[in-house]
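Geometric and topological summary
Listed below, chain by chain, are the residues.
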Amino acid sequence: MVKLTMIARVTDGLPLAEGLDDGRDLKDAELYKQQVKALFKNLSRGHNEASRMSIETGPYVFHYIIEGRVCYLTMCDRAYPKKLAFQYLEELRNEFERVNGSQIETAARPYAFIKFDTFIQKTKKLYQDTHTQRNISKLNDELYEVHQIMTRNVQEVLGVGEQLDQVSQMSNRLTSESRMYADKARDLNRQALIRKWAPVAIVFGVVFVLFWLKNKLW
């Protein structure tokens, strides 16, 4: 059974639409929505390159497709057929591109296409019962293949993103510290030169003054 449906722009992770009724009877709905948002964030940073993937999370599975820089994601029970989940996403993609395709890049606020929920709810109802003749036909469609779509664990997927963030932060920190140490080294060198040559400069200054006074007096 389809539990959640969310659509986001891949370039920046901006949520564009979602099923408004999704998750109302779902335990820990907010936890799964936070995982989806974290996944969108990772995708916006290029941490996952697969255009189609299934991600296991607890008793559920996230399925997503990326087309035209938009990610279409749904969460289903583990027992729900993978083939139906991806065909459901394909239907959403086709309609979303048809209706909103020209406005996707210019959308500036979250859930700019929230009215798309009407189509999400209507389409979701068609896919809920896997035993209808319509869905049985889709399951038997040999032209639509999903065996090659990778399945991973949510901790693995989100963990990779966190590790890459940590590496990036560490690299930035090391660069900043290196600059700081370089500045300190220049200051120390400057101070050492001053300490080394200051007495000499003072002696030369005194000699010069004495020589000048001598010439003045004579």
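Residues numbered from 1 in each chain as written. Predicted model: local features only at pLDDT ≥ 70, side-chain atom pairs only at ≥ 80, totals over all residues. Heavy atoms only, no water.

Going by what an unreviewed UniProt entry lists, the protein is known as SNAP receptor and is assigned to Stylosanthes scabra. Word for word, the UniProt comment on the protein under Sequence similarities (unreviewed entry) is "Belongs to the synaptobrevin family." (UniProt positions renumbered as here; feature names shortened; annotations may be inferred.)

1. A look at the overall build of the protein
Each helix and strand counted, the protein has 5 helices and 6 strands in total. In the protein, the succession of α and β elements from N to C terminus is β-β-α-β-β-β-α-α-α-β-α. Considering only intrachain contacts with a sequence separation of at least 6, the fraction spanning at least 24 residues in the protein is 66%. (Helix = DSSP H or I, 4+ residues; strand = E, 2+ residues; numbered from the N terminus. Contact = heavy atoms within 4.5 Å.)

2. A word on the pattern of salt bridges
Here the structure, examined in full by the defined rule, presents 12 salt bridges. Residue Arg 52 pairs with Glu 67 through a salt bridge whose shortest N-O separation is 3.2 Å. A residue pair is termed long-range when its members are at least 10 positions apart, and Arg 52 in strand E3 (residues 52-57) and Glu 67 in strand E4 (residues 60-67) qualify at 15 residues. In this structure Glu 67 comes out as partly exposed when scored by relative accessible area, which is 24%. When the shortest N-O distance is used, the salt bridge between Arg 152 and Glu 156 registers 3.3 Å. Assessed through its relative accessible area of 41%, Glu 156 is described here as partly exposed. Residues joined by salt bridges that share partners form a network here, namely Arg 52, Glu 67, Glu 90, Arg 93 and Glu 97. (Salt bridge = Lys/Arg side-chain N within 4 Å of Asp/Glu carboxyl O. Buried < 20%, exposed > 50% of the residue type's maximum accessible area, 1.4 Å probe, protein only.)

3. A short note on the confidence of the model for the protein
On average, the protein scores 82 in pLDDT, and the residues at 70 or more come to 83%. Mean pLDDT across the secondary structure elements of the protein bottoms out at helix H5 (residues 154-217), with 64, and peaks at helix H2 (residues 82-100), with 95. The low-confidence segment residues 161-172 (pLDDT under 50) makes 5 contacts with residues lying over four places distant or belonging to another chain. (pLDDT = per-residue confidence, 0-100.)

4. Observations concerning the pairing of strand E1 (residues 2-9)
For E1, the buried fraction is high: 8 of the 8 residues fall into the buried class. Sheet topology note: the E1/strand E2 (residues 15-18) ladder contains 3 bridges and is antiparallel. Residue pairing in the sheet places Met 6 in a bridge with Glu 18 of E2. A loop of 5 residues connects E1 with E2, the two strands running antiparallel in sequence, and Gly 13 in this loop sits at a positive phi of about 75°. (Pairing = 2+ DSSP bridges.)

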